Amino acid sequence: MTKKFKILYKVSIIILAIMAAMLLGAIILWTIGADVAKTYMVILFEPLKTSLQITEVLIRAIPLTIIALGISVAYRSGIINIGAEGQMAMGILGTTAIALLFPTLPKPVLLPMAVLSGALCGAFWGFIPGILKAKLQVSELLSTVMLNYIAAQFYTFFLRGPMLDPAESTLGGSGTPQSMRLTKNIWLDRFIPGTRLHTGIFFAIFLAIIIYLLLWKTSTGMKMRAAGASARAARYGGISVTWYLVIAMAISGAFAGMAGAIEIAGVHRRAIEGITGGYGFSGIVVALFGGLHPAGIIPAAFFFGLLIVGADMTQRLVGVPANMVNVLQGIIILVIVSTKMVLADPYLMEKVWRRYQKLTNPPKEVEA
Amino acid sequence: MEVTTKKITSLRVEHITKRFPGVLASDDISLSIGEGEILALVGENGAGKTTLMNILMGLYQPDEGRILINGEEVRFRSPNDAFAAGLGMVHQQYMLVPNMTVLENIALGYKQAWSPFKLDLGKVRERIEEISKKYGLFVDPDAFIWQLSVGEQQRVELVKTLCLGAKFLILDEPTSALTPQETDELIVLLKRMTSELSIIFISHKLQEVKDLSNTITILRHGSVVFQGNTTDHSPSDIAALMTGHEVELPHNDEPPCEGAIALNIKNLHVKSDRGFLALNNLNLSIRSGEIVGLAGVSGNGQRELAEAINGLRKVEGGEILFYGEDLANKSPHHVIEAGMGYIPEERNTEGIVPSFSIKENLILKDASHPEFSKHTFLRNKEIETNATDLRVKFDIRSPNIAVAAGSLSGGNIQKVILAREISRKPKFLIAVYPIRGLDLGAAEFIHRQLLEKRKEGIGILLVSEELDEILDLSDRIAVIFKGQIQKILDRKDATRRSLGILMAGVKDDQEI
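Peer 1: Lay out the interface of chain B and chain A in plain terms, naming residues and giving numbers.
Peer 2: Facing the 35 residues of chain B at the interface are 23 residues of chain A. With both sides pooled, the region where chain B packs onto chain A buries about 2400 Å², and carbon together with sulfur makes up 60% of that total. In this assembly, chain B and chain A are joined by two salt bridges. With a shortest N-O distance of 3.1 Å, R232 of chain A and E350 of chain B are connected by a salt bridge.

Peer 1: Can you explain the side chain of S198 of chain B? Please cite residues and give values.
Peer 2: All names here are of chain B. Along the chain, S198 turns up in strand β10 (residues 198-202). The class for S198 is buried, based on a relative accessible area of 1%. Reaching out from S198, the side chain makes a polar contact with the backbone nitrogen of G36 at a distance of 3.2 Å.

Peer 1: Tell me what's going on with the environment of I247 of chain A, and back it up with residues and numbers.
Peer 2: Residue and element names in this part refer to chain A. Residue placement: I247 occurs in helix α11 (residues 241-268). A relative accessible area of 25% places I247 in the partly exposed class. Here the alpha-carbon distance between I247 and V342, two residues 95 residues apart in the chain, equals 34 Å.

Peer 1: So, the packing of helix α1 (residues 3-31) of chain A against helix α15 (residues 346-360) of chain A: which residues are in play, and what are the values?
Peer 2: Residue and element names in this part refer to chain A. Relative to each other, α1 and α15 sit at 115°, their axes nearing to 11 Å. By the angle between their directions, the pair α1 and α15 is classed as roughly perpendicular. Judged by the twist between their axes, the crossing of α1 over α15 is right-handed. Mapping the contact onto sequence places F5, K6 and Y9 in α1 and L348, M349, V352, W353 and Y356 in α15. Class assignment of the residues belonging to the contact of α1 with α15 gives a composition of seven nonpolar, no polar and one charged.

Peer 1: Before we move on, can you summarise a nonpolar patch on the surface with the specific residues and values?
Peer 2: Residues I205, I209, Y212, L213 and I298 of chain A together with F377 of chain B make up a contiguous nonpolar surface patch of about 480 Å² in total accessible area. Per element, the largest residue contribution to the nonpolar patch is four residues, and it comes from helix α8 (residues 200-217) of chain A. Within the secondary structure layout, L213 of chain A lies in helix α8.

Peer 1: Please give an account of the nonpolar core that cites residues and values.
Peer 2: Most often, soluble globular proteins have nonpolar side chains that are buried together. Among the nonpolar cores identified, the biggest contains 89 residues, and I66, I67, Y155, I186 and V286 of chain A are the most heavily contacted of them. At 16 residues, α11 of chain A tops the list of elements feeding residues into this core. The next biggest cluster of nonpolar side chains, apart from the first, holds 68 residues, and it includes A262, I309, L312 and L408 of chain B.

What counts, and at which threshold
- Residues numbered from 1 in each chain as written.
- Chains lettered and ligands numbered in written order.
- Predicted model: local features only at pLDDT ≥ 70, side-chain atom pairs only at ≥ 80, totals over all residues.
- Heavy atoms only, no water.
- Contact = heavy atoms within 4.5 Å.
- Buried area = accessible area lost by both parts, 1.4 Å probe.
- Salt bridge = Lys/Arg side-chain N within 4 Å of Asp/Glu carboxyl O.
- Helix = DSSP H or I, 4+ residues; strand = E, 2+ residues; numbered from the N terminus.
- Buried < 20%, exposed > 50% of the residue type's maximum accessible area, 1.4 Å probe, protein only.
- Polar contact = N/O pair within 3.5 Å; in protein donor to acceptor, adjacent residues only side chain to side chain.
- Axes fitted to C-alpha atoms, helices over the stretch in contact; angles between N-to-C directions.
- Parallel < 35°, antiparallel > 145°, perpendicular 65-115°, else oblique.
- Left-handed = near helix turned anticlockwise from the far one by under 90°.
- Nonpolar A, V, L, I, M, F, W, Y, C, P; charged D, E, K, R; others polar.
- Patch = residues over 30% accessible without salt bridge, like charges linked within 9 Å, V, L, I, M, F, W, Y side chains within 5 Å.
- Areas by Shrake-Rupley, 256 points an atom, 1.4 Å probe, with all protein chains shown as cover.
- Core = buried A, V, L, I, M, F, W, Y, C linked by side-chain atoms within 4.5 Å.

Limitation: the analysis is restricted to geometry and does not speak to function.
As structure tokens, this is what we get:
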């Protein structure tokens, strides 16, 4: 098989996939009477047109990256964490609590303390399903999803009760349950004037490097991956599979918690109801999409950030409801996942190669 | 689809070629089997036997060539087509659903018991009993597959194939899990069955090939290197043709050793997955520098014994004294650190992490060892040096040390496991079915390594069903039956016959 053919094969599969996704999406857009071409242009290119919009994409990519990194640790260790949404909410509560309790502490003390508190709250929320699975074989699919609900109620309770902004209760306020504006001492700097892009982006990249080192360069990471890849072989090799499962879930939860901490310290500067906004679930897709590897997760997070911002814009510019864009996102995800499977199938490639040879070389030459 | 009731009087395979990415698995292979004939298909691992059979069974489509039954060309698009034509295969890797019972597994293929709204399990049960009785192959219809040993699973496969009404049998190493007596019985049975059907028989055991087959076809690297009548050739001729060179398995000729007792198992009680006592008051002691062969039909407690010693299974009662320390109910990590080496039964799923590279698998037990990690960071250079050295020393055939261990052949996977276990310098080694399914070249290599370790004073517990292997290597032979040691013999006192009788559960030779 020539190299030229291999590249040609892969490129044509990708082009076919893109065309298939566009076509499916076009059918759906056409049925609701939208301007198909314009919608596509807006989703994919509008968010990249100005630097302000690019920074908005990056802002969405930050929590997605951090959450996806955590999820990849759990996934690689053989446990599926669907509870990032709840872990993130707990992280926000932990961070807010510290900021509200110690508003006068200097920034170099308060900020790390608040992020750490968020991480610990998230880690605790991840630890629960981990230990339940390790000790009682409770399915993590059940426990993480249920803990999401519990976390959501906790979150609502605190924001409508103990943490509610005093301004909201007396003056009516914005009508959205939220905490008061947090002290400036936990704000992350916005380093590009006129945009909201904050230093959390460097923290996300730093965490990506940490995860890469942890999983591929340390013995702990190797044991976690062994436990995930083949629990039986890991047990045989003297690795305590259940122990690493709990650790992995705690790390995963800590990352979701940190994503929450960074999100409020960088963007909102207060805890608001509904702030997690599905990041915990999109994070799963980003993690899988990025091949459960930090080097893949960062671009995947950027792509999903793009889709989130794009969905917003189509609603405003083309009048296509944002929910419709979610449908398109779903289609794109399905097509990309299927394409990855097709590209990974060497048998199909071999078959196409033989067809290709028959087409390019006349049969006589083949026999000779 | 109705299963044909017509007899298969001839099966011909013409110019079959099958390519896999980067591999020519079958290269222009032709075969022919007449009515009532038994053809032995022989070759080393990776020679293309299983691929060829999978083509015959419709699991793969050939790239070129054709298959003729009774002179008519047939095309199998799926295994269903092959079943319908009357071909039945017992695979090397069993095609059974682990979390279903024997009865349910057989019912899956037994279409006569199906009606649109009801599955008549009673009918399936009758059929199983009929077949079991007819051929003397007894299975427990209500046992779950995952609870059965490999040998028992193979029996289920045979019964299943016969139940489904096969007119032509393809057997992929059918005797690998049977006692010599059972093997003899199977050979008699298969010969008798030739009055009704023809058989293709894949085997590594040349003596059986000799006893059973009419014609023989030898494959090497995907193509036929020899075809002829079995009677005209001796087993050693066949072995030489198969490997391309002369092979002789090594023997243990040394006098029995007088080392200190390394492993002393006292009154051991261990439960099986099904909850009954798989080991019931088992006693066994092994000296350092001695190989004790544990002979027995699989499913008599061998797996449970190996797992209990290695901390992978709970001990209900008794002691496992390892140089004086009781290992019962210690963690696998503790047992490994105590100096225990273990070559497990399931080499593909337990002995290695299939998706990990060779170099990672070689340090699976030592990732935290200071030799390979410093402040928890892996020392890549040392890991690579270790792997490069071991790859050469243990003749692991792979493109490099970074390929996934799961992509290697069985023999090479076993060499990776052996390399890791031996290079860790264990005080004791437990080897479970170390050469099952391996070709002669790999088997020879592994046996030599085991004998060398014995010389260095390491005690070895060798669990095997193959009497040749046990008789070749052991100083003493313990026969296990239903979770107890039936008898312990010195090598000089053991014969194939005496062992076979003990393995079948008869204690006193005189009773036969």
